[in-house]
Amino acid sequence: MLAVGQRILKSARHTEKLSHELLGVLHPSRPKSFPLFSRLISTASVQKQRNGEAAAHNLQNVTVVGLGLMGAGIAQVAAQNSFHVTVVDEQDEYLQRGMVMIRKSLDRITKKKFPNEPKGAEKFIDDTLSKVTISRNILKSVEDADLVIEAITENIEAKQTLFRTLDEIAPPKTIFASNTSSFSVTELAKVTERQDRFGGLHFFNPVPLMSLVEVVRIQETSAATFNALFQFSKELGKSPVACNDTPGFIVNRLLVPYMMEAVRMLERGEATSSDIDKAMKLGAGYPMGPFELLDYVGLDTTKYIIDGWHEIYPGNPLFYPSETLNKLVEDGHFGRKTGVGFYRYKTANGK
Ligand code: CAA
Ligand code: NAD
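This is a predicted model, so every value here is computed, not measured.

Asker: Honestly, helix α13 (residues 290–297) in this entry has me stumped. Any pointers?
Answerer: Given 3.6 residues per turn, any residue in an α-helix points the same way as the ones three and four places further on. Where burial is concerned, most of α13 is hidden: 7 out of the 8 residues are buried. By the burial criterion, the buried members of α13 are P290, F291, E292, L293, L294, D295 and V297. Packed against the buried residues of α13 are α11 (251–267), α12 (273–284) and α14 (299–312). Positive phi appears at G298, one or two residues downstream of α13, with a value of about 115°.

Asker: Help me understand unusual backbone geometry, please; the structure alone is not making it clear to me.
Answerer: Residues other than glycine predominantly adopt negative phi, and peptide bonds predominantly adopt the trans conformation. Between N205 and the following residue, P206, the backbone shows a cis peptide bond with an omega angle of 5°. With respect to the helices and strands, P206 occurs in the loop between β6 (198–203) and β7 (212–217). If you check the backbone angles, S82 has positive phi at about 75° while not being a glycine. Given 19 C-beta atoms within a 10 Å radius, S82 is considered partly exposed. Within the chain, F249 stands out as a residue other than glycine whose phi angle is a positive 50°.

Asker: Before we go on, may I ask you to explain the pairing of strand β4 (residues 147–150) in this structure?
Answerer: Each regular strand shows side chains that alternate between the opposite faces of the sheet. Neither face of β4 is open: one carries L147 and I149, the other V148 and E150, and all of them are buried. Here strand β1 (residues 61–65) runs beside β4; their pairing, made up of 4 bridges, is parallel. Looking at β4, one finds that T63 is bridged to V148. Relative to strand β5 (residues 175–178), β4 is paired through 4 bridges, and the arrangement is parallel. Among the inter-strand pairings, L147 is bridged to a residue of β5, identified as I175. What joins β4 to β5 is helix α8 (residues 156–169), and the crossover it makes is right-handed.

Asker: What is the right way to look at the nonpolar core in this model?
Answerer: By size, the foremost hydrophobic cluster in this structure holds 60 residues, and its most contacted members are V64, I74 and A75. Per-element accounting of this core gives the leading share, 8 residues, to helix α4 (residues 69–80). Those residues in contact with I74 that sit more than four places away from it in its chain are V64, I149, A151, N179, F203 and V207. Formed by 22 residues, the second largest nonpolar core is a distinct cluster that contains M280, L293, V297 and F342.

Asker: Help me understand the site of ligand 2, please; the structure alone is not making it clear to me.
Answerer: Among the 26 residues in the neighbourhood of ligand 2, the closest are listed as G66, G68, M70, S181 and N205. At the level of secondary structure, the elements contributing two or more residues to the shell around ligand 2 comprise α4 and α8. Looking at the shell around ligand 2 element by element, the count peaks at 3 residues for α4. The residue makeup of the shell around ligand 2, split by class, is 13 nonpolar, 10 polar and 3 charged. Two domains each donate at least three residues to the shell around ligand 2, and these are domain 1 (4–244) and domain 2 (251–330).

Asker: How should helix α10 (residues 223–235) be read in this particular structure?
Answerer: Between its first and last C-alpha atoms α10 spans 18 Å; for 13 residues at 1.5 Å apiece the expected length is 18 Å, and the two agree. Turning to α10, its buried residues are T225, A228, L229, F230, F232 and S233. Elements that come into contact with the buried residues of α10 comprise β4, β5, β6, β7 and β8 (239–244). Directly after α10, the chain includes G237, whose backbone phi takes a positive value near 85°.

Asker: Would you mind showing me how to read the site of ligand 1 here?
Answerer: Near ligand 1 you find 17 residues, and of these S105, S181, N205, P206 and P287 are the closest. Sorting the residues of the shell around ligand 1 by element identifies α5 (92–113), α11 and α13 as the ones contributing at least two each. Of all the elements, α5 adds the most residues to the shell around ligand 1, at 4 residues. Within the shell around ligand 1, the residues separate by chemical class into 11 nonpolar, 4 polar and 2 charged. Structurally, the shell around ligand 1 is a two-domain feature, drawing no fewer than three residues from each of domain 1 (4–244) and domain 2 (251–330).

Asker: What is the right way to read the sheet that holds β5 from this model?
Answerer: Pairing within the open sheet is mixed, and its 8 strands lie in the order β3-β2-β1-β4-β5-β6-β7-β8. A single partner strand is all that each edge strand has here, and the edge strands are β3 (132–135) and β8. Between one strand axis and the next, the sheet turns through 25° on average, direction left out of account. Summarising the sheet, β5 and β6 pair through 3 bridges and their orientation is parallel. By the bridge assignment for β6, S178 is matched with G200. Sitting on the sheet, α8 is in contact with β1, β4 and β5, with an inclination near 165° to β4.

Asker: Looking at this structure, how should I read the packing of α13 against α14?
Answerer: Any two packed helices are characterised by how steeply their axes cross, that is the angle between the axes, and by the distance between the axes. Put simply, α13 and α14 touch, their axes get as near as 5 Å, and they point 95° apart. Between α13 and α14, the crossing angle belongs to the class labelled roughly perpendicular. Across the interface between the two elements, L294, D295 and V297 from α13 touch L299, T301 and T302 from α14. Each residue belonging to the contact of α13 with α14 can be placed in one class, and the counts come to 3 nonpolar, 2 polar and 1 charged.

What counts, and at which threshold
- Residues numbered from 1 in each chain as written.
- Chains lettered and ligands numbered in written order.
- Predicted model: local features only at pLDDT ≥ 70, side-chain atom pairs only at ≥ 80, totals over all residues.
- Buried ≥ 20, exposed ≤ 12 C-beta atoms within 10 Å, placed from the backbone.
- Helix = DSSP H or I, 4+ residues; strand = E, 2+ residues; numbered from the N terminus.
- Contact = placed C-beta atoms within 7 Å.
- Pairing = 2+ DSSP bridges.
- Right-handed = clockwise from strand over helix to strand, strands pointing away.
- Core = buried A, V, L, I, M, F, W, Y, C linked by C-beta atoms within 7 Å.
- Near = placed C-beta within 6 Å.
- Nonpolar A, V, L, I, M, F, W, Y, C, P; charged D, E, K, R; others polar.
- Domains from an automatic or database assignment.
- Expected span 1.5 Å × (residues − 1).
- Axes fitted to C-alpha atoms, helices over the stretch in contact; angles between N-to-C directions.
- Parallel < 35°, antiparallel > 145°, perpendicular 65-115°, else oblique.

Scope: geometric values only; no functional claims are made or implied.
Next up, the structure:
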């Protein structure tokens, strides 16, 4: 067994170049030659803390595949809670965008957490970022992973292809979890030889703020795996609930048909999108109206969810696709992340 520092060094080497390039973005005031040894010192001290916690599982190294809206949030909360996190995406540009999202979210959190303590804020951000290793090499990124959380685009073939590859390269100890919003976790697990070490970990957007995690157990998930995933969610400061592998689990089975009915209401000309949003916020106490939420979740993701369900249950009117949604996605308007959705935003990903 290699020492933690050696292990981190080993996994960090192949990503070092990219990490250094990204550090210019993450720490604008810091020279690009951020010394690797300071990362090693900080991760070693974290290791001691975790050992002292007598965790009910052996999860320490977490790999998050897909550094989009959700992957960035998941990686951030895992790093904030002292896990060693490796993040993987298909292109450097996506990794950079994801790390910028993490940095911005950490800035918002520290503003509240350390209002008059700039040094405390800086340390919190540095400590968190020092636990994140960036990678484009899927092979290397899982070689020492205890847990892989898949958070790639909501496409079942892409997810199955990824899990098939991961199953071949990850060590036997590695637990796999999908953050899928809508697909059957059983169908994802089927392509692997480790269905007992497979489950769903469904986080909510924005991950740093939303407390819920739906922990999805398929028939084959072992008790040890389920308990590890449940405990892991708690160690991220979340409140997990156990879910069966049903379409949309709990929240999305209710939330997605609600959002789609709002779109149909708009299509029928019964009210404007801003009045529907206003009504649901003021009349039902929701923090966002359905159109604000659709833009926030991503219109692409919502379309993939509804298309997937419609294919399986073509007769269920709750899952009927919408021409309005399809047209927006076809035109590349995915909501906040592209700057245009049902509303227009000043900047992509911004307000
Ligand atoms: N990271 C860190 N902090 C953040 C943040 C982020 N990503 N986003 C917002 N914040 C902070 C802000 O800085 C702000 O802090 P202060 O109170 O110190 O000012 C605070 O949160 C409130 O933010 P805002 O003032 O910008 O806006 P808000 O009051 O509307 O709150 C919200 C934002 C928490 C997102 C709230 O609107 C909300 O709860 N919306 C509903 C979200 C929701 O329903 N999510 C589930 C989507 S469905 C899903 O995720 C499942 C799926 O599979 C599709
Ligand atoms: P996103 O489009 O913001 O991010 C997806 C990321 O995955 C992109 O950066 C993309 O480059 C990357 N990717 C795609 N294929 C990949 C591959 N083969 N290998 C590595 N990276 C790959 O999407 P998102 O909103 O973060 O959603 C990710 C997952 O989380 C989906 O399954 C979605 O249904 C689920 N989810 C989304 C939300 C939400 O509110 N958006 C909430 C809960 C769960």
